Number of protein chains: 2
Amino acid sequence: MTERVFNFSAGPAMLPEPVLEEARENLLSLGDTGIGILEHSHRGPAFKKVYEDAVAHCRQLADIPEDYHILFLHGGASMQFCMLPMNFLTPDATADYLITGRWSQRAIEQAQRFGQTHVVCSSKDRNFCYIPKERQYSERPTYVHFTSNNTIYGTQFTTEPDVPEGAFLACDASSDIFSRPIDITKYGLIYAGAQKNLGPSGIALAIIRDDLVQRGAENLPDMLQYRTHAKHNSAYNTPSTFGIYVMGLVFKWLLDQGGLAAMEERNRAKANKLYEYLDQSSLFQPTADADSRSMMNITFVTGNDELDAKFCSEAAEQGLAGLKGHRSVGGMRASIYNAFPERGVDALIDFMRDFEAKNG
Amino acid sequence: MTERVFNFSAGPAMLPEPVLEEARENLLSLGDTGIGILEHSHRGPAFKKVYEDAVAHCRQLADIPEDYHILFLHGGASMQFCMLPMNFLTPDATADYLITGRWSQRAIEQAQRFGQTHVVCSSKDRNFCYIPKERQYSERPTYVHFTSNNTIYGTQFTTEPDVPEGAFLACDASSDIFSRPIDITKYGLIYAGAQKNLGPSGIALAIIRDDLVQRGAENLPDMLQYRTHAKHNSAYNTPSTFGIYVMGLVFKWLLDQGGLAAMEERNRAKANKLYEYLDQSSLFQPTADADSRSMMNITFVTGNDELDAKFCSEAAEQGLAGLKGHRSVGGMRASIYNAFPERGVDALIDFMRDFEAKNG
């Protein structure tokens with residue numbers, strides 16, 4: 001078999017090898033059923049067990065209270081940008097958004113079609129290279145929305161934003177979910193497209209408090225109401241059975257690694273190594289402010305576009321793939337989610353050191 | 001490896017073994033890239049080729065004209081039940097629906113939230129066991145919607161319904177798409193959840209004429225506009241990359257089988273064998289009217305619930321799985337989509353003959 005490379009892609013991204021190997025084993029027959037995982041009815045006993053295990057492992061992993069629903073929803077985080085305001089934002093009400101990058105911008109744009117929106121803070125003035133500390137909330141927002149980690153810009157919140165009384169906190173955690181411990185009780189809704197830290201693309205995990213499920217608008221198409229999916233255990237229509245299966249394997253793998261506290265320790269160690277190298281390098285500069293740095297996506301530049309391109313190209317030849325930064329930041333981006341191994345970070349630093357010696 | 005059984009599940013359903021084997025090969029490394037198919041960026045060159053091949057093979061397979069977009073959309077057919085009226089049905093306009101089962105019923109219910117609806121015909125009076133011939137259209141419908149094959153009830157349209165002038169034809173073809181030749185030019189929109197004839201669950205194929213893409217409502221959330229997905233080649237957000245990959249393999253497999261005319265011949269042969277046996281059986285009765293029979297889902301009963309249960313249970317022991325009928329029809333259902341092999345139908349008939357001899 002072809003040797004696997006270190007894949008720094010921002011998403012879809014590396015998955016744990018034991019998870020991929022188990023999925024491969026079960027593609028033509030899930031266990032001894034004689035029916036592949038893609039082919040099992042979502043109403044049958046074999047898939048029912050897959051679903052129940054996924055929910056149980058997710059609940060255990062993040063210590064999710066019983067009054068929160070664990071939903072597997074179609075369409076990734078972008079569909080949540082719609083469902084959140086459609087369910088909760090009425091024309092005369094206001095929703096507060098913290099604008100820290102392209103995805104929070106896209107989220108607020110969807111909300112503007114349903115009600116009033118208010119910008120709590122924005123780091124657009126410096127191309128989203130920091131998490132703003134000064135924040136101004138509207139008077140009585142329905143909810144406060146933020147993006148916990150900004151994939152493109154390499155920034156991350158270290159703590160949850162404040163939430164005015166009467167509002168609930170909603171979070172797009174697509175690029176850092178389950179990378180560190182989380183206090184679910186601070187959130188009304190937390191959601192994540194699966195393709196970075198959880199599984200295949202095209203499916204989202206949504207964790208939502210029961211009172212919000214009950215409160216959501218009722219005049220929406222059934223597919224766009226949280227209550228529909230909560231009532232039918234994510235099987236109102238045929239869910240992405242393979243997506244649920246792989247996410248379940250990832251939850252189990254995270255538990256086997258020691259859970260979220262252990263993952264934070266590993267993720268912090270990986271990121272710190274790379275930032276430490278960057279901070280002493282005379283060729284490479286990190287792009288995010290030091291107090292806003294992401295543990296998941298580490299962005300850096302040489303300041304010379306041609307040299308950046310040369311770096312990415314030579315790195316790829318050495319089995320370090322997907323390092324090209326997003327065009328709105330340029331340079332390089334190393335995405336090192338949960339499944340990305342520490343030895344891949346070591347290999348990157350070795351390569352950078354070598355590249356700096358030759359090109360510095 | 002465990003021997004594969006004959007899986008008569010209505011969906012998710014059997015996929016072609018060569019497709020599953022190829023997917024398995026590429027789960028840890030797509031070709032020689034060293035990155036598994038689940039882990040490739042949807043913006044990278046390797047996935048770009050997967051996407052382009054899928055579109056090209058789909059276009060070739062069904063002879064889809066260039067003014068139709070081939071879209072891969074989140075959420076299965078149920079999301080299309082919403083997107084269709086949201087994009088095209090205004091409060092003062094009317095959409096016509098042919099009601100031939102649970103899914104067309106669910107489709108019209110979503111449309112009722114956006115504008116007027118009109119029932120062209122309904123076979124509810126006889127538990128949807130036939131395709132009605134008498135049809136009455138509204139005066140100036142925006143579109144006419146029908147479900148070409150009714151998975152639960154085992155009925156299927158043999159030709160497209162008429163369409164009043166000025167309207168376009170919309171079709172949910174989830175359970176018979178690409179099972180026979182199709183004249184795409186008769187349709188404005190044809191869509192299908194993938195999990196029966198095309199691939200994994202959680203994704204839909206939608207083939208839509210360009211003038212409709214342009215005409216759709218513009219005040220909707222971006223994710224719910226066809227134009228968004230057409231403009232971005234189904235990658236406005238991260239699509240189900242694995243779903244597109246597997247569907248592409250299925251399109252290629254269908255071409256290798258000889259295309260849609262060859263598939264129709266095979267599907268007709270499989271279905272006819274089973275119906276011929278049912279028509280001469282004194283134990284089993286088919287439930288659909290003879291002129292409305294589906295080639296994809298064949299429903300039958302003994303008339304005795306206990307005997308039906310015994311049949312399903314003993315069949316499963318013989319490697320004939322998923323034969324239990326939907327609770328709203330009862331009895332048995334054999335779903336024999338494109339990927340279901342003829343020898344599985346032979347095995348079922350042998351078992352039925354044996355069961356009839358013992359229990360008749």
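Anything mentioned here points back to the structure above.
It should be emphasised that the depicted structure is a prediction, and the values quoted were computed from it without experimental measurement.

Overview of the sheet that holds strand β12 (residues 297-301) of chain B
Residue and element names in this part refer to chain B. Reading across the sheet, the three strands line up as β11-β12-β14 and stay open at both edges, with antiparallel pairing between neighbours. One side of each edge strand has no neighbouring strand; the edge strands of this open sheet are β11 (285-286) and β14 (332-335). Examined bridge by bridge, β12 and β14 share four bridges and lie antiparallel to one another. For Phe300, the partnering residue across the bridge sits in β14 and is Met332. Seen against the sheet, helix α8 (residues 259-280) touches β11, β12 and β14 and runs at an angle of roughly 15 degrees to β12.

Let's talk about the nonpolar core
The nonpolar side chains of a soluble globular protein tend to be buried with one another. In this structure, Phe72(A), Phe178(A), Leu205(A), Phe72(B), Phe178(B) and Leu205(B) are the most contacted members of the largest nonpolar core, which totals 108 residues. When neighbours within four sequence positions are excluded, Leu205(B) is seen to be in contact with Cys58(B), Ile70(B), Leu71(B), Phe72(B), Ile177(B), Phe178(B), Ile190(B), Tyr191(B), Ala192(B), Leu198(B), Met247(B) and Phe251(B). Core analysis: the second largest hydrophobic core is formed by 72 residues, Leu71(A), Tyr97(A), Ala107(A) and Tyr226(B) among them.

Describing unusual backbone geometry
The omega angle of the peptide bond from Gly11(A) to Pro12(A) is -10 degrees, so this bond is cis rather than trans. Looking at where Pro12(A) falls in the secondary structure, it is placed in the loop between β1 (6-7) and α1 (17-25). One non-glycine residue, Phe128(B), adopts positive backbone phi at about 60 degrees. The residue Phe128(B) is located in the loop between β4 (116-122) and β5 (143-147) in this model.

Observations regarding the relation of the copies chain A and chain B
At an RMSD of 0.0 Å, chain A and chain B line up after a rotation of 180 degrees and a shift of 0.0 Å along the axis. These values place the two chain copies in the arrangement generated by a two-fold rotation axis. The rotation axis passes nearest to the C-alpha of Arg24(A) in chain A, at a distance of 2.7 Å. Taken as a fraction of all interface residues of chain A, those also at the interface in chain B reach 100%, which identifies the copy contact as same-surface.

Structural notes on empty space enclosed by the protein
The rolling of a water-molecule-sized probe over the atoms marks out the regions of remaining empty space. Here the structure, examined in full by the defined rule, presents five cavities of 30 Å³ or more. Considered as a void within the structure, the largest cavity measures approximately 100 Å³ in volume. When contributions to the lining of the largest cavity are tallied by element, the ones reaching two or more residues are α7 (241-256) of chain A together with α7 (241-256) of chain B. Looking at side-chain class alone, the lining of the largest cavity contains five nonpolar, eight polar and no charged residues. Considered as a void within the structure, the second largest cavity measures approximately 40 Å³ in volume. If you trace the second largest cavity, you find it lined by Met14(A), Leu15(A), Pro16(A), Lys196(A), Asn197(A), Val250(A), Trp253(A), Tyr337(A), Asn338(A) and Ala339(A).

Structural notes on the sheet that holds strand β14 (residues 332-335) of chain A
Within a beta sheet, neighbouring strands are joined by backbone hydrogen bonds and run either parallel or antiparallel to one another. All names here are of chain A. Strand order in this open sheet of three strands is β11-β12-β14, and the pairing throughout is antiparallel. Only two strands of the sheet have a single neighbouring strand rather than two, namely β11 (285-286) and β14. Sitting on the sheet, helix α8 (residues 259-280) touches β11, β12 (297-301) and β14, and the angle it makes with β12 is about 15 degrees.

How each quantity is defined
- Residues numbered from 1 in each chain as written.
- Chains lettered and ligands numbered in written order.
- Predicted model: local features only at pLDDT ≥ 70, side-chain atom pairs only at ≥ 80, totals over all residues.
- Heavy atoms only, no water.
- Pairing = 2+ DSSP bridges.
- Helix = DSSP H or I, 4+ residues; strand = E, 2+ residues; numbered from the N terminus.
- Contact = heavy atoms within 4.5 Å.
- Axes fitted to C-alpha atoms, helices over the stretch in contact; angles between N-to-C directions.
- Core = buried A, V, L, I, M, F, W, Y, C linked by side-chain atoms within 4.5 Å.
- Buried < 20%, exposed > 50% of the residue type's maximum accessible area, 1.4 Å probe, protein only.
- Least-squares fit on C-alpha atoms with pLDDT ≥ 70 in both.
- 1 Å grid on protein atoms, 1.4 Å probe; cavity = no way out; pocket = protein on both sides within 12 Å on 5 of 7 lines; lining within 4 Å.
- Points joined across faces, edges and corners; volume = space filled by probe spheres on them.
- Nonpolar A, V, L, I, M, F, W, Y, C, P; charged D, E, K, R; others polar.

By themselves these figures say nothing about function.
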